[in-house]
Amino acid sequence: ITVGDKINLQMWGAYQFNHELTVDSQGNIFIPEVGPVKIDGLENKQLNHLIKTHITKIFSKNVHVYADLVTVQPVQVYVTGYVKEPGLYDGLSSDSVIYFLCKAGGINLKEGSFRSIDVVRQGKTIRQIDLYDFILSGNIKHFQLHPGDTIVVKPQRYVISVDGQVKNAYQYEWLTPQIPMTSVMKIANIDPSVTFVRIQQHYG
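Below is a short write-up of the structure. (Residues numbered from 1 in each chain as written. Predicted model: local features only at pLDDT ≥ 70, side-chain atom pairs only at ≥ 80, totals over all residues. Heavy atoms only, no water.)

## Topic: the nonpolar core
And step 1. Ranked by size, the top nonpolar core spans 22 residues in total, and within it Ile 7, Leu 9, Met 11, Ile 29, Ile 31, Ile 39 and Ile 51 carry the most contacts.
And step 2. Every element with two or more residues in this core is listed here: strand 1 (6–13), strand 2 (17–22), strand 3 (28–31), helix 1 (44–58) and strand 5 (63–71).
And step 3. Examining the composition of this core, we find that four residues originate from one element, strand 5, more than from any other.
And step 4. Apart from residues lying up to four places away in sequence, Ile 29 is in contact with Ile 7, Leu 21, Thr 22, Val 23, Gly 35, Pro 36, Val 37, Ile 39 and Ile 51.
And step 5. Residues Val 75, Tyr 89, Val 97 and Leu 145 belong to the second largest nonpolar core, which totals 18 residues. (Core = buried A, V, L, I, M, F, W, Y, C linked by side-chain atoms within 4.5 Å. Buried < 20%, exposed > 50% of the residue type's maximum accessible area, 1.4 Å probe, protein only. Helix = DSSP H or I, 4+ residues; strand = E, 2+ residues; numbered from the N terminus. Contact = heavy atoms within 4.5 Å.)

## A short note on the pattern of salt bridges
And step 1. Evaluation of the coordinates by the stated rule reveals four salt bridges.
And step 2. The partner of Asp 130 in a salt bridge is Arg 115, with the nearest N and O atoms 2.9 Å apart. Placement of Asp 130 in the loop between strand 9 (124–129) and helix 3 (132–137) and of Arg 115 in strand 8 (residues 112–121) is noted, with a sequence separation of 15 residues between them. Grouping residues by exposure puts Asp 130 and Arg 115 together as buried.
And step 3. A salt bridge links Asp 149 to Arg 121, with the shortest nitrogen-to-oxygen separation between them at 2.7 Å. In this pair, Asp 149 is assigned in the loop between helix 3 and strand 10 (150–155) and Arg 121 in strand 8, connecting sequence segments 28 residues apart.
And step 4. The exposure class assigned to Asp 149 is buried, which follows from its relative accessible area of 1%. (Salt bridge = Lys/Arg side-chain N within 4 Å of Asp/Glu carboxyl O.)

## Details of the environment of Thr 53
And step 1. Along the chain, the position of Thr 53 falls in helix 1.
And step 2. Residues Thr 53 and Ile 7, spaced 46 residues apart in sequence, show a C-alpha to C-alpha distance of 16 Å.
And step 3. Polar contacts involving the side chain of Thr 53 include one to the main-chain carbonyl oxygen of His 49, which spans 2.8 Å. (Polar contact = N/O pair within 3.5 Å; in protein donor to acceptor, adjacent residues only side chain to side chain.)

What follows is the structure, encoded as structure tokens:
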């Protein structure tokens, strides 16, 4: 959750309240009888628990609470590094890094890294993303982007190509200069009938 987001807060029982609240410039929402509650940077799944904790300090009995994120704010995010069309792109704070990479034309396949992508905020790297988790298993950790964030695609470092009797004959990017053969066999899905592997090294 970030500044400008809207929160729907409902309270019922001994105290009635049902309003849409906006996260102010200090990252707070103001709840009548309770006061300001800081929620900037919070994940939506944690929102209900945090607000309930603050409210029960004032209303200890017979007050029920439900809070949820209604809308997220528009943001402009820079995408740079080894992408096809670096630039400033519009989206929502809930949009994923993949969304903004697509807006920038995608990663440069010859030079850009799928495994070394930084999200920079105010000059500091706040997240390092490895897209292989998404490519291989469909998993990606969602988080909200802030206006002015920068997505930086770094260059490839260690690359191998796998061909022959394998189901996944592709080029793979590794994070370390040493690559265990067992890992290569697993990711490339080598045919069980294979009896030997030839390794060739290319320079340049």
